[in-house]
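Letter by letter, the chains look like this.
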Amino acid sequence: MDLPDTTADMIAEASKTSEVWIVTHSAQLAEGVRERYGVRQRTVIRDNGATWIEGMRLTGVIAGESDDED
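Since the model is a prediction, treat every value here as computed from it, not as a measurement.

*Asks:* Sorry if this is basic, but what is going on with the pairing of strand β2 (residues 50–53) here?
*Replies:* A regular strand places its side chains on the two faces of the sheet in alternate fashion. Note that strand β1 (residues 44–47) and β2 share four bridges and pair antiparallel. By the bridge assignment, Val44 is partnered in β2 with Ile53. What sits between the antiparallel neighbours β1 and β2 is a turn of two residues, in which Asn48 has the positive phi angle 55 degrees.

In structure tokens form, the structure reads like this:
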């Protein structure tokens, strides 16, 4: 087992008692967490000094995830 897998296991354990947000440049770590817990990956975009989450509207709703979206 390598560091990203061990880290993914530790994050998963911590998430049992806390809300956990992970920001990483490691695709292996992100995939390890997704495989273990089925969470959806979010892409953070930084462009010309602005930072946002891909697909997030100004209301904070992420496109395709609202129950009332057409």
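*Asks:* Is there a simple way to think about unusual backbone geometry in this case?
*Replies:* Leave glycine aside and you will find that most residues have negative phi; peptide bonds, for their part, are mostly trans. Its identity is not glycine, yet Asn48 carries a phi of approximately 55 degrees, on the positive side. Position of Asn48 among the secondary structure elements: in the loop between β1 and β2. Overall, the relative accessible area of 79% leaves Asn48 in the exposed class.

*Asks:* Explain helix α1 (residues 3–14) to me, please; I cannot follow it from the model alone.
*Replies:* Side chains three or four residues apart in an α-helix point the same way, a direct result of the helix having 3.6 residues per turn. The end-to-end C-alpha separation of α1 is 16 Å, in line with the 16 Å expected for twelve residues at 1.5 Å each. Among all positions in α1, only Pro4, Ala8, Ile11 and Ala12 are buried. Each buried residue of α1 lies within a common arc of 100 degrees when the element is viewed along its axis, so the set occupies one face. More than 90 degrees from the buried face of α1, the exposed residues found are Leu3 and Met10. Buried-residue contacts for α1 involve α2 (27–37).

*Asks:* Could you clarify how one ought to interpret α2 in this entry?
*Replies:* Listed in full, the buried residues belonging to α2 are Leu29, Gly32 and Val33. Angularly, the buried residues of α2 cover 95 degrees about the axis, an arc narrow enough to put them on a single face. Among the exposed residues of α2, those oriented more than 90 degrees off its buried face are Ala27 and Glu35. Where α2 is buried, its residues touch α1.

*Asks:* It is not clear to me how the environment of Asp2 should be interpreted in this structure. Could you clarify?
*Replies:* Secondary-structure assignment places Asp2 in the segment before α1. We classify Asp2 as partly exposed; its relative accessible area is 32%. Spatially, the C-alpha atom of Asp2 lies 28 Å from that of Ile45, the residues being 43 residues apart in sequence.

*Asks:* What is the right way to look at the pattern of salt bridges in this model?
*Replies:* Working definition: two side chains of opposite charge can pair if their charged atoms are close together. Within this structure, the stated rule accounts for four salt bridges. Its salt-bridge partner being Arg36, residue Asp5 comes within 3.9 Å of it at the nearest N-O pair. Placement of the pair is Asp5 in helix α1 and Arg36 in helix α2, with a sequence separation of 31 residues. A relative accessible area of 24% means that Asp5 is categorised as partly exposed. By relative accessible area, which is 27% here, Arg36 ends up partly exposed. One salt bridge in this structure joins Glu31 and Arg34, with 2.5 Å as the shortest N-O distance.

Reading the values: the criteria
- Residues numbered from 1 in each chain as written.
- Predicted model: local features only at pLDDT ≥ 70, side-chain atom pairs only at ≥ 80, totals over all residues.
- Heavy atoms only, no water.
- Pairing = 2+ DSSP bridges.
- Helix = DSSP H or I, 4+ residues; strand = E, 2+ residues; numbered from the N terminus.
- Buried < 20%, exposed > 50% of the residue type's maximum accessible area, 1.4 Å probe, protein only.
- Expected span 1.5 Å × (residues − 1).
- Arc of directions from axis to C-beta.
- Contact = heavy atoms within 4.5 Å.
- Salt bridge = Lys/Arg side-chain N within 4 Å of Asp/Glu carboxyl O.

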